[in-house]
Amino acid sequence: MSIQDVIPETPIALQGSRIGLLSDSHGDVRMTNAALEALCARNPAAIIHLGDVCDDRVLEALAGNCDADGHEIPAFAVPGNMDDDPRALARHGERMGVHVGHPALAFTSGGALLVAHHGHVRRVESAAHERGATHILHGHTHLVRDEQVNGVRMLNPGALHRAQRFTAAVLDLANGEFEVFEVSRTQP
């Protein structure tokens, strides 16, 4: 399998330095909406769901969010190990205006090359290193992560399901800040 089969050859150019990250919603639409509300308040240029979407309604929640000026925030997702049919997820994402890439997506912003994946397909990380990624974004472990591995910044925003604390994050590529914040469990 070639590197292009794992990571798209042409990265998506992001139009800003702030990226909203969430992961492992496991179909919990209320928690996803709570995370999106908090993310949108932080003015991200894009929102990326890092897998284990598990319900089409989560993709629907990702679509159509707007910044403070009323501009739609582009949304992206990668499937996780709990997403049974990545192709169906991608088709529904296309209908909703959410770009879904399998097993990974690549982005550029301000000279950075970011690779987003869920974390369960091991060959993605080695391919990202070969490709010269500056950041690897992932979910899967349900644990917040911010560490350097072989010169690449590895980031995980945590999880919105089955975690000690429910979290999402904003990465600001302009200053390197990785703001992780708690998302309150919403009542039914």
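For the structure, see preceding data.
This write-up is about the structure you can find in this document. In this text the structure is predicted, and so the values were computed from the model without any measurement.

Conventions adopted
Residues numbered from 1 in each chain as written. Predicted model: local features only at pLDDT ≥ 70, side-chain atom pairs only at ≥ 80, totals over all residues. Heavy atoms only, no water. Helix = DSSP H or I, 4+ residues; strand = E, 2+ residues; numbered from the N terminus. Contact = heavy atoms within 4.5 Å. Pairing = 2+ DSSP bridges. Buried < 20%, exposed > 50% of the residue type's maximum accessible area, 1.4 Å probe, protein only.

Next up on the list: the environment of alanine 168. Mapped onto the fold, alanine 168 is located in strand S11 (residues 167-172). Each C-alpha atom of the pair alanine 168 and alanine 35 lies 6.4 Å from the other, and the pair is 133 residues apart in sequence. When sequence neighbours within four positions are dropped, the list of residues in contact with alanine 168 reads Leu21, Leu22, Ala35, Pro157, Glu179, Val180, Phe181 and Val183.

Sheet architecture is open: 6 strands sit in the order S1-S6-S7-S8-S10-S9, paired in mixed fashion. Lying at the two open borders of the sheet, with one neighbouring strand each, are strand S1 (12-13) and strand S9 (144-149). Relative to strand S10 (residues 152-157), S9 is paired through 6 bridges, and the arrangement is antiparallel. For glutamine 148, the partnering residue across the bridge sits in S10 and is arginine 153.

What follows concerns unusual backbone geometry. With an omega dihedral of 0°, the bond running from histidine 102 to proline 103 counts as a cis peptide bond. On the secondary structure map, proline 103 appears in the loop between strand S5 (98-100) and strand S6 (104-109). One non-glycine residue, asparagine 150, lies in the positive phi region at around 50°. Turning to its location among the elements, asparagine 150 is positioned in the loop between S9 and S10. Looking at asparagine 150, the relative accessible area reads 70%, which means it is exposed.

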